[in-house]
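The lines below spell out each chain.
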Amino acid sequence: MCMASWVVGDGFNVVSVDFWSFRIRNKTSQVVILDNGLVELSFSNPGGDVIGIKYNGITNLLEIHNKKSNRGYWDIEWGDDITSNIADHYDRLEGTKFEIINEDENQIEISFTKRWNDSSHSFPINVDKRYIMLRDYPGFYTYAILEHPKEAPAAQISVVRDVFKLQQNKFQYMAISDDIQRTMPSASDRTSGEKLAYPEAVLLTKPSKLEFKGEVDDKYQYSIDHKDIKVHGWISSNPAVGFWMITPSHEFLTTGPMKQELTSHVGPTSLCVFMSCHYVGKDLIMKFDKGETWKKVFGPIPIYLNSVSNDEDNRNSLWENAKKQAQDEVAKWPYNFIHSKDFPTSDQRGTLNGQLLIRDRYINEGLFEASSAYVGLAAPGEAGSWQRESKGYQFWVKADESGNFSIKNVRPGNYSLYAFVPGVIGDYVHEKIVSIEPGARIELDSLVYEPPRNGPTLWEIGIPDRTAAEYYVPDALPTLANRFYLNKPNHKFRQYGLWDRYTDLYPNNDLVYTVGVSDFRHDWFFAHVNRNTGNGTYQETTWQVKFNLQNVMWDENYTLRLAIASAQATNLQVRFNYPPSYPPMFSTHRIGRDNSIARHGIHGLYWLYSVNIPGFWLLEGNNTLYLTQARSQGPFGGLMYDYIRFEAPPVTFIA
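Read on for an overview of the structure.

With that settled, consider the sheet that holds strand β13 (residues 171-177). The sheet built from 9 strands is open, its strands ordered β8-β9-β10-β11-β25-β20-β19-β13-β14 with antiparallel pairing. Every other strand in the sheet has two partners, leaving β8 (97-103) and β14 (180-183) as the edge strands with one partner each. Put simply, the sheet's adjacent strands are angled 15 degrees from each other on average, direction ignored. Where β13 meets β14, 4 bridges bridge the pair, whose relative direction is antiparallel. Note on β14: the bridge partner recorded for S177 is I180. Relative to the sheet, helix α2 (residues 314-332) contacts β11 (139-148), β13, β14, β19 (231-237), β20 (240-246) and β25 (294-307), its axis offset from that of β20 by approximately 30 degrees.

Tallying each qualifying case throughout the model produces 31 salt bridges. A salt bridge links E251 to R349, with the shortest nitrogen-to-oxygen separation between them at 2.7 Å. A residue pair is termed long-range when its members are at least 10 positions apart, and E251 in the loop between β20 and β21 (260-261) and R349 in the loop between α2 and β26 (350-358) qualify at 98 residues. For the pair E251 and R349, one class covers both residues: buried. Of the charged contacts in the structure, one is a salt bridge between K259 and E261, with a shortest N-O distance of 2.6 Å.

This brings us to the sheet that holds strand β41 (residues 541-549). Pairing is mixed across the open sheet formed by 5 strands, whose spatial order is β37-β41-β47-β43-β44. Of all strands in the sheet, those with a lone pairing partner are β37 (512-514) and β44 (586-587), marking the two edges.

What follows concerns the side chain of T624. Inspection of the secondary structure puts T624 in strand β47 (residues 621-629). Residue class for T624 comes out buried when judged on its relative accessible area of 10%. A polar contact of 3.3 Å, which involves the side chain of T624, links it to the side chain of K546. Sequence-distant contacts of T624, that is, excluding residues within four places in its chain, are made with Q544, V545, K546, F547, R575, F576 and N577.

What counts as what
- Residues numbered from 1 in each chain as written.
- Predicted model: local features only at pLDDT ≥ 70, side-chain atom pairs only at ≥ 80, totals over all residues.
- Heavy atoms only, no water.
- Pairing = 2+ DSSP bridges.
- Helix = DSSP H or I, 4+ residues; strand = E, 2+ residues; numbered from the N terminus.
- Axes fitted to C-alpha atoms, helices over the stretch in contact; angles between N-to-C directions.
- Contact = heavy atoms within 4.5 Å.
- Salt bridge = Lys/Arg side-chain N within 4 Å of Asp/Glu carboxyl O.
- Buried < 20%, exposed > 50% of the residue type's maximum accessible area, 1.4 Å probe, protein only.
- Polar contact = N/O pair within 3.5 Å; in protein donor to acceptor, adjacent residues only side chain to side chain.

The following block contains the structure:
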């Protein structure tokens with residue numbers, strides 16, 4: 001049995017007792033230490049920053065050359081003017097009071113709190129940071145409870161994170177998925193490098209290792225969709241130790257399974273971003289009026305440590321073990337060792353079961369299964385509103401091939417039931433509010449989603465999957481490449497500077513796509529961007545889709561479906577058979593602030609437009625659709641198409 005101890009002291013006169021008889025003897029000590037015999041954790045007191053992690057012979061996994069407040073911490077970006085979208089304040093979630101929440105022979109849970117009206121802080125949110133250490137567990141758990149009480153002034157929040165900065169001379173190999181693992185450059189390599197178009201992107205010109213010279217580093221090149229964030233972290237080779245951040249549930253994250261988010265990056269840094277505007281835009285900022293009450297639990301998440309002997313296949317063994325641990329953590333959710341009334345246990349939660357079917361008579365005469373649909377519960381709203389929802393909890397699952405789904409461990413509350421289906425445009429929302437009560441098990445009748453459709457498909461471009469991944473992504477310029485991604489075709493979009501490759505490929509004339517001849521996998525550029533005209537100026541671009549149409553029904557309406565995978569300060573204008581010198585037949589006006597083009601995303605916020613096209617706009621024979629990206633401000637403005645479909649007028653079905 002592990003004879004571990006909980007320890008509290010000031011770093012010089014440390015008091016240690018067996019953990020099942022723990023008691024604090026010095027409430028004014030500057031350092032709190034927890035030790036279960038496997039891991040020793042040190043915290044600032046009463047701030048609650050993690051200043052030391054001792055494990056497997058390494059005195060401190062965290063960067064000892066950093067200030068103690070810059071090693072392991074929670075932070076937030078916020079603002080006090082909710083009429084704007086500017087979060088111009090930064091706050092480390094430092095506590096002002098330390099407390100032991102629970103301790104027994106199997107665990108201890110400690111808390112660092114701060115009240116919003118503490119005179120030493122201006123952030124109008126109550127903060128309760130928690131840390132948990134278990135017997136025989138090589139790591140620890142952390143979560144935070146944030147609360148905007150009724151009496152607090154108005155505020156807005158744009159970022160909530162938990163961050164760990166590891167020793168540079170130990171942790172040099174990063175792993176965030178099976179196919180994204182590599183030795184990374186150092187923070188000093190970035191400092192000595194050449195800054196590119198924005199601060200996060202740096203050309204490494206004087207790296208400590210020659211293999212990195214001439215390579216671009218950017219933390220956004222390692223972003224991952226929420227649905228794929230399970231475990232990520234760093235590996236030390238001597239001794240062979242892994243540091244891993246695990247996401248056991250996505251209920252406390254925002255905007256659903258498709259949101260992209262940062263993971264680990266050069267530092268070495270690992271972080272869990274619970275909430276941010278990345279790849280969505282400032283519409284996601286949480287805003288609280290004076291008098292509005294709100295509380296949310298962010299986490300808990302495990303920080304898992306592992307080690308192997310140096311004669312093993314270190315990296316693979318540590319990674320495979322971390323993946324298995326991540327699966328174990330998911331299976332244990334919701335944890336039964338959390339001592340907070342704000343975290344419901346499994347018997348205090350509910351389950352929702354059902355099946356989603358699709359009705360589209362232009363594809364199938366009868367109903368068919370919504371295979372692999374993403375189905376979720378989120379705050380009540382309209383179809384697709386979950387993309388912009390950040391204050392509450394969301395619960396998402398992937399349906400099976402028959403469209404069956406089971407959403408388990410749902411917190412009590414009122415929700416809308418949402419869904420979207422790969423291969424099908426649009427968003428589904430159930431017409432009734434779903435009320436989850438403790439212990440409830442709800443069985444829904446079969447649900448039917450009728451996606452937008454007016455008539456049969458005349459032609460289409462792309463695949464409706466909410467991304468631009470199927471389109472042509474060019475090679476990076478050799479002088480601006482991240483060499484790790486050069487031979488990874490599924491990750492080509494992660495390269496820096498692809499926005500200017502459009503100008504290289506189309507220096508004078510814009511893209512022209514001919515239906516029935518062109519292939520979107522090779523002939524449709526992944527992002528509709530501006531043309532670089534030199535000297536820091538950019539020009540709007542107009543793409544053409546040429547198609548042949550016979551037997552035009554002049555008195556009927558055709559339909560153009562435009563599914564957009566990402567938009568950044570763009571205005572998409574539509575014209576049929578009239579060049580851009582004529583007024584547009586349809587305009588989105590200015591939309592989008594997801595910045596996915598600059599941040600190497602292959603998608604951002606999803607938009608869907610249905611445009612009615614009177615038959616008299618069309619020609620018998622050859623036609624041209626003009627798509628104009630009508631804003632030319634800078635290199636990063638533009639959009640990514642998910643899918644385009646042109647439909648004939650409705651057809652009458654005979655029963």
